[in-house]
Amino acid sequence: MQSNKPNNEKVLKIFSAIRCLSRDQLPRYMEGRLTDVERHLVEQHLTDCDLCYDALTALEQEENTERYQDLTNKLQRYVQNSIQPVSHVQKIAQYTRKEKNKENMLAYFWIIAFIGLGVGSVYVLRGHIRNQPPVRIMASSVPQKDSVREEVATGVPLVTAAENNAGTTTTPAPAATPATQTSAKPATTPVHPDSAALKKAAALKALQKKAAADSIRKHTLLQKQADSLKKETADKAAAAKAKEEEKKPDQKPEQKPVQKEKEQAPPPEPAKRETPSTAVNSDEYLYKAAMVYQQQGNLNEAISRYKRIESVSSGKYVEMARYQLAICYRSKGQAGKARRMFKEVIRMDGSMKAAAQQALDSM
Amino acid sequence: MQQQLTNLSDKELISRARKQLDREAEGVLMDRYSHLLVAVTIPYLSSQPNLDPNIVFPALLQRLNASLKTQTIYKANEWILHIQKGYLGKPEKNIPFYPSRDGRDLLHIENTVDKAATNIIDRQDLIVRLEQALQRLSADDNALITQFYLENKSFADLTAATGLPREKLRSQLKAAKAKLAKLFMNQGYAK
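Since the model is a prediction, treat every value here as computed from it, not as a measurement. (Residues numbered from 1 in each chain as written. Chains lettered and ligands numbered in written order. Predicted model: local features only at pLDDT ≥ 70, side-chain atom pairs only at ≥ 80, totals over all residues.)

Peer 1: What's the story with the overall build of chain B in this structure? I'm lost.
Peer 2: Each helix and strand in chain B was counted, giving 10 helices and zero strands. Scanning chain B from its N terminus toward the C terminus, one meets helices and strands in the order α-α-α-α-α-α-α-α-α-α. Within chain B, the proportion of its 191 residues that are buried is 32%. For chain B, restricting intrachain contacts to residue pairs at least 6 apart in sequence, the fraction spanning at least 24 positions comes to 57%. (Helix = DSSP H or I, 4+ residues; strand = E, 2+ residues; numbered from the N terminus. Buried ≥ 20, exposed ≤ 12 C-beta atoms within 10 Å, placed from the backbone. Contact = placed C-beta atoms within 7 Å.)

Here it is in structure tokens:
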């Protein structure tokens with residue numbers, strides 16, 4: 001194929017690009033130490049390239065090539081020294097810059113992340129506080145438990161502790177006094193003094209028991225709180241009602257100032273309860289409201305309240321409500337119902353058991 | 001890296017130096033042409049003793065570096081010669097390098113030939129057209145080109161045959177080649 005048209009292929013040679021003469025080609029061409037093919041290629045290039053041709057003629061005119069060699073070496077060294085180290089330095093600089101940028105970005109990221117987290121948590125917390133009061137109640141009740149354990153353990157069954165204080169000035173647990181002082185006023189007005197006496201004795205026993213089984217009680221209290229959380233939705237409605245209704249008892253005492261001193265005492269108390277913290281348990285509200293009715297002699301209303309507590313709430317308030325329900329029935333003269341209630345209280349086997357047993361025995 | 005770069009073509013090195021700001025590529029390019037630059041500059045250094053090679057060459061390199069980033073460079077050798085001549089002729093003036101129309105024609109044909117190397121159909125077509133152009137060339141030019149390129153005669157042979165000095169012979173060859181390129185291009189446009 002090639003032998004057929006050798007000239008044809010060679011035509012392309014006219015316009016084929018050839019590289020400039022290399023450093024060792026130049027002297028070799030001058031000295032005629034090139035092969036025919038190489039020389040031809042060099043000459044082809046020389047026709048086109050002014051730079052190479054000028055260089056060739058300049059070198060041919062120069063007598064000694066030492067200067068050329070020397071200068072070339074110097075220039076190459078200069079190029080290598082000036083350009084390559086710089087490029088290396090540049091690379092290092094670029095790398096360090098990149099790393100720095102990365103670190104900065106990371107720092108910014110974390111700062112932004114923490115700020116975001118902080119803002120988010122504040123927002124969520126506010127939302128919680130606004131929308132879910134029971135959560136806050138729990139939060140407030142926990143420190144109370146921590147600081148005044150005795151109070152929580154013994155003073156929470158308001159009736160017993162209160163009446164215990166009302167009757168006997170000497171309390172077995174001195175730690176329980178702050179709690180009893182606060183809850184003393186409403187409890188000082190039992191409807192029936194005999195029942196109060198019974199309660200006193202029962203409470204004493206109960207207190208002793210509680211002091212012994214303090215840790216167990218704490219555990220149960222925690223459970224109760226959990227239960228109350230579960231019934232949160234139901235409590236909300238009840239709490240709202242209780243609040244509404246508590247306003248009424250506040251007004252009622254003003255309407256009936258003629259009543260006993262004992263009866264006058266309770267109204268300010270629930271108010272006190274309200275003011276120190278909005279975090280008072282809804283059960284407690286209901287219970288207190290019912291107590292107020294009971295103390296004012298509105299037994300039917302009180303009974304309905306207690307029944308509601310019994311159905312809605314949980315834990316100790318159910319027990320206490322049942323106990324009070326029994327007392328209400330007894331004072332109404334419905335001995336059968338009262339007995340049944342007392343029996344139920346006994347069956348619940350809580351803190352009111354002894355008092356209920358005593359009351360039942362005395363009936 | 002150095003080894004890899006030395007194998008690259010001028011065009012590649014220039015584009016690297018430009019687009020990636022690769023000083024190493026630039027260094028390889030300068031290194032490749034340093035001996036020619038020195039050889040071309042030596043006559044000036046000998047004729048003008050006030051020129052210090054320690055100043056001239058760094059300044060030249062700086063100028064080359066500056067123009068590398070801004071100018072269109074078709075052929076590195078032409079560009080270097082232009083910058084060198086500009087610097088040594090009128091150092092205060094920096095004339096931008098711009099290849100002539102003929103130079104660009106030549107470059108175009110060289111690129112076409114280069115591309116056709118791997119394509120038989122293109123190559124055949126190119127050969128036919130080149131021969132046609134060659135036929136239309138004047139007899140003297142045709143003979144010169146045929147002898148030099150197709151019959152592989154050296155400068156020495158041709159000078160001996162024609163009695164012309166090498167310089168003259170070279171310029172004649174160059175002119176003939178330029179004419180051929182022009183004919184080829186016009187043929188291309190006529191087609």
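Next comes the rest of the account.
Peer 1: Got a minute to help me understand the environment of A:Arg330 in this structure?
Peer 2: All names here are of chain A. Tracing the backbone through its elements, the reader meets Arg-330 in helix α17 (residues 316-332). Taking the C-alpha atoms as reference points, Arg-330 and Met-341, 11 residues apart in sequence, are found 9.9 Å from one another. Look past the residues within four positions of Arg-330 in its chain and what remains in contact with it is Ala-335, Ala-338 and Met-363.

Peer 1: Would you mind going over the UniProt feature "transmembrane region" (unreviewed entry) in chain A with me for this structure?
Peer 2: Mapped onto the present numbering, the UniProt feature "transmembrane region" (unreviewed entry) falls at residues 105-125 of chain A. End C-alpha to end C-alpha, residues 105-125 of chain A measures 30 Å, and it is 100% helix and 0% strand. (UniProt positions renumbered as here; feature names shortened; annotations may be inferred.)

Peer 1: Got a minute to help me understand the nonpolar core in this structure?
Peer 2: Soluble globular proteins: nonpolar side chains tend toward being buried together. Among the nonpolar cores identified, the biggest contains 43 residues, and A:Leu51, A:Cys52, A:Ala55, B:Leu29, B:Leu36 and B:Ile80 are the most heavily contacted of them. Looking at this core, the element that brings in the most residues is helix α3 (residues 23-47) of chain B, giving 11 residues. Aside from chain neighbours lying at most four places away, what touches A:Ala55 is A:Leu26, B:Leu36, B:Ala39 and B:Val40. (Core = buried A, V, L, I, M, F, W, Y, C linked by C-beta atoms within 7 Å.)

Peer 1: I'm lost on the packing of α3(B) against helix α4 (residues 53-70) of chain B in this one. Help?
Peer 2: Between two packed helices, what matters for the description is the angle formed by their axes and the separation of those axes. Residues and elements named next belong to chain B. Axis separation between α3 and α4 bottoms out at 11 Å; the angle between their running directions is 135°. By the angle between their directions, the pair α3 and α4 is classed as oblique. Here α3 and α4 pass one another in a crossing that is right-handed. Facing α3, whose interface residues are Glu-26, Met-30, Leu-37, Thr-41 and Leu-45, α4 presents Pro-53, Val-56, Leu-60, Leu-61, Leu-64, Asn-65 and Leu-68. Split by residue class, the contact of α3 with α4 holds nine nonpolar, two polar and one charged. (Axes fitted to C-alpha atoms, helices over the stretch in contact; angles between N-to-C directions. Parallel < 35°, antiparallel > 145°, perpendicular 65-115°, else oblique. Left-handed = near helix turned anticlockwise from the far one by under 90°. Nonpolar A, V, L, I, M, F, W, Y, C, P; charged D, E, K, R; others polar.)

Peer 1: Help me understand the UniProt feature "domain: Putative zinc-finger" (unreviewed entry) in chain A, please; the structure alone is not making it clear to me.
Peer 2: The UniProt record annotates "domain: Putative zinc-finger" (unreviewed entry) at residues 23-52 of chain A. Helix makes up 77% of residues 23-52 of chain A and strand 0%, whereas the separation of the span's terminal C-alpha atoms amounts to 11 Å.

Peer 1: Which parts of the structure should I look at to understand the interface of chain B and chain A?
Peer 2: Interface size, as often reported, equals the accessible area lost upon joining of the parts. In this assembly, 42 residues from chain B lie in contact with 44 residues from chain A. Among the elements of the structure, α3, α4, α5 (76-89), α6 (101-116), α7 (120-136), α8 (139-150) and α10 (166-190) of chain B are those that each provide at least two residues to the side of chain B that touches chain A. No other element matches the 15 residues that α3(B) contributes to the side of chain B that touches chain A. Looking at the side of chain B that touches chain A, its residues break down into 26 nonpolar, six polar and 10 charged.

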